[in-house]
Amino acid sequence: MTLTPAQADKILADNFAPWVLDLGLSVVEAGERHAILRLPWSDRLAREGGALSGQALMAAADTATVIAVASALGGFAPMTTVQQSSTFQRAITGADVLIDVRITKLGRRMAFADITMTADGSRDVAARASTVYALLG
């Protein structure tokens, strides 16, 4: 059983630190082995020169992975990041970011995911990440 966007948004609200909630992430879609979240544009998240900071993108990718894994499991379970690797391909300025997480392997103890981040309205990938999570529950 996958999560509805409303159920996934509740997982965000109930399980993340206030500074993560300050990112303003919202769930667009949650499926059997994926999730898509929206990171709204904010000048507060921009770095010198006006581009969205890599730190904000990495935090968003990490958080979105939790939602994708929770959706695959049918609900939230304790988990922790074991590894995250990010690459940045182009700047995002003045646009929301869509974070598309695809679970590539879901085992009993570990989950692996690939993430693409694109500016809303663009087909060009701005950043990629891969994550590994330990499932603790």
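Please refer to the structure placed before this passage.
The structure reproduced in this document is the subject of the present report. The numbers attached to residues start from 1 for each chain and follow its sequence in the written order. Totals for whole chains, interfaces and linings use all residues, but because this is a predicted model, local features are given only for residues with pLDDT of at least 70 and pairs of side-chain atoms are given and counted only at 80 or more. Excluding hydrogens and water, the side-chain figures rest on all heavy atoms present in the structure.

**Regarding the pattern of salt bridges**
Here's step 1: For salt bridges, the criterion is a side-chain nitrogen of Lys or Arg within 4 Å of an Asp or Glu carboxyl oxygen. As enumerated under the stated definition, the model contains four salt bridges in all.
Here's step 2: Arg-102 is paired through a salt bridge with Asp-100; the nearest N and O atoms lie 2.7 Å apart.
Here's step 3: For every residue, the accessible area obtained with a 1.4 Å probe (protein chains only) is divided by the maximum for its type, and the residue is called buried under 20%, exposed over 50%, and partly exposed between those limits. A relative accessible area of 37% means that Arg-102 is categorised as partly exposed.
Here's step 4: Residues joined by salt bridges that share partners form a network here, namely Arg-38, Asp-96 and Asp-120.

**Considering the pairing of strand β4 (residues 97–106)**
Here's step 1: Note that strand β2 (residues 34–39) and β4 share six bridges and pair antiparallel. Across the sheet, the residue bridging to Arg-38 is Leu-98, located in β4.
Here's step 2: Strands are labelled as partners when DSSP assigns at least two bridges between them. Numbering of helices and strands runs from the N terminus, with a helix taken as a DSSP run of H or I at least four residues long and a strand as a DSSP run of E at least two residues long. The pairing of β4 with strand β5 (residues 110–119) spans nine bridges and is classified as antiparallel. Considered in β5, the bridge of Asp-100 is made with Thr-116.
Here's step 3: Connecting β4 to the antiparallel partner β5 that follows it, the hairpin turn spans three residues.

**So, helix α1 (residues 5–15)**
Here's step 1: For α1, every residue scored as buried is listed here: Ala-8, Ile-11 and Leu-12. The buried residues of α1 all sit within an arc of 100° when viewed along its axis, so they share a single face. In α1, the exposed residues that point more than 90 degrees away from the buried face are Ala-6, Lys-10 and Ala-13.
Here's step 2: Any two residues whose heavy atoms approach within 4.5 Å are treated as being in contact. Elements in contact with the buried residues of α1: α2 (18–21), β1 (26–30), β2 and α3 (54–73). Note that the arc is defined by the directions from the helix axis to the C-beta atoms.

**Overview of the nonpolar core**
Here's step 1: If you look at the biggest cluster of nonpolar residues, it comprises 43 residues, and the most contacted ones within it are Leu-37, Leu-39, Ile-99 and Met-117.
Here's step 2: When residues of this core are traced back to their parent elements, those giving at least two are α1, β1, β2, α3, β4, β5 and β6 (125–135).
Here's step 3: No other element matches α3, which puts eleven residues into this core. Within this scheme, the nonpolar core is defined by two criteria: the residues are buried Ala, Val, Leu, Ile, Met, Phe, Trp, Tyr or Cys, and they are joined through side-chain atoms within 4.5 Å.

**Focus on the pairing of β2**
Here's step 1: The element β2 is largely enclosed, with a buried count of five among its six residues.
Here's step 2: Sheet topology places β1 next to β2; four bridges connect them, and they run antiparallel. Residue pairing for β2: Ser-26 is matched across the bridge by Arg-38.
Here's step 3: The antiparallel pairing of β1 with β2 creates a hairpin that spans three residues between the two strands.

**Focus on the sheet that holds strand β3 (residues 79–88)**
Here's step 1: Read from one edge to the other, the open sheet built from six strands follows the order β1-β2-β4-β5-β6-β3, with strand pairing classed as antiparallel. Both outer strands of the open sheet, β1 and β3, are each paired with one neighbouring strand and no more. Going from strand to strand, the sheet's axes swing by 20° on average, the running direction of each strand aside.
Here's step 2: Each axis is a line fitted through C-alpha atoms, taken for helices only over the stretch in contact, and angles between the N-to-C directions span 0 to 180 degrees. This element, α3, spans β1, β2, β3, β4, β5 and β6 of the sheet and lies at about 50° to β4.

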